[in-house]
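Descriptive structure summary
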Amino acid sequence: QVHLVESGGGLVQAGGSLRLSCVVAGSIVSTDTMSWYRQAPGKQRELVASSTNSGSTNYADSVKGRFTISRDNAKTTVYLQMNSLKPEDAGIYFCYADVRTRFPPARRDYWGQGTQVTVTS
């Protein structure tokens, strides 16, 4: 089985920083796209940032210049460094990974359970 384990959420004042981590654990061959999504109360889940194993990244316009996604392919871990946080950045942040598994040989999408980010003004 494959599990995505997120950590790093918490409470921070506006202007502060947080770093989220997501470890992909299990019988894994490789990960392709790894992303962070967020969902605020009453809103749909939205893409925050994504990263492919070839090195390309993509960001939501609202976080460009403030958030940075990075990954350690050897550790199958993806990070999200969030700086200059705003109250509108608050929500539950979910990790996503496109994973190739060893047993059984397959490729599918996996999601973490989410980590809460709260930003006070």
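These numbers were taken from a predicted model, which means no experiment stands behind them.

What counts as what
Residues numbered from 1 in each chain as written. Predicted model: local features only at pLDDT ≥ 70, side-chain atom pairs only at ≥ 80, totals over all residues. Heavy atoms only, no water. Helix = DSSP H or I, 4+ residues; strand = E, 2+ residues; numbered from the N terminus. Salt bridge = Lys/Arg side-chain N within 4 Å of Asp/Glu carboxyl O. Pairing = 2+ DSSP bridges. Axes fitted to C-alpha atoms, helices over the stretch in contact; angles between N-to-C directions.

1. Some details on the environment of Ser51
- By secondary structure assignment, the location of Ser51 is in strand S5 (residues 46-51).
- Along the primary structure Ser51 and Ala97 are separated by 46 residues, whereas in three dimensions their C-alpha atoms are 9.7 Å apart.

2. Looking at the pattern of salt bridges
- Taken as a whole and judged by the stated rule, the model has six salt bridges.
- Residues joined in a network through salt bridges with shared partners are Arg38, Glu46, Arg66 and Asp89.

3. Things to note about the sheet that holds strand S8 (residues 77-82)
- Strand order across the open sheet formed by four strands is S1-S3-S8-S7, with antiparallel pairing between neighbours. Pairing within the sheet leaves two strands with one partner each, and these edge strands are strand S1 (2-7) and strand S7 (67-72). Direction aside, the axes of adjacent strands within the sheet are offset by 15° on average.
- Taken together, the six bridges between S1 and strand S3 (residues 18-26) define a ladder with antiparallel strand orientation. Counterpart to Val2 in the pairing with S3 is Gly26.

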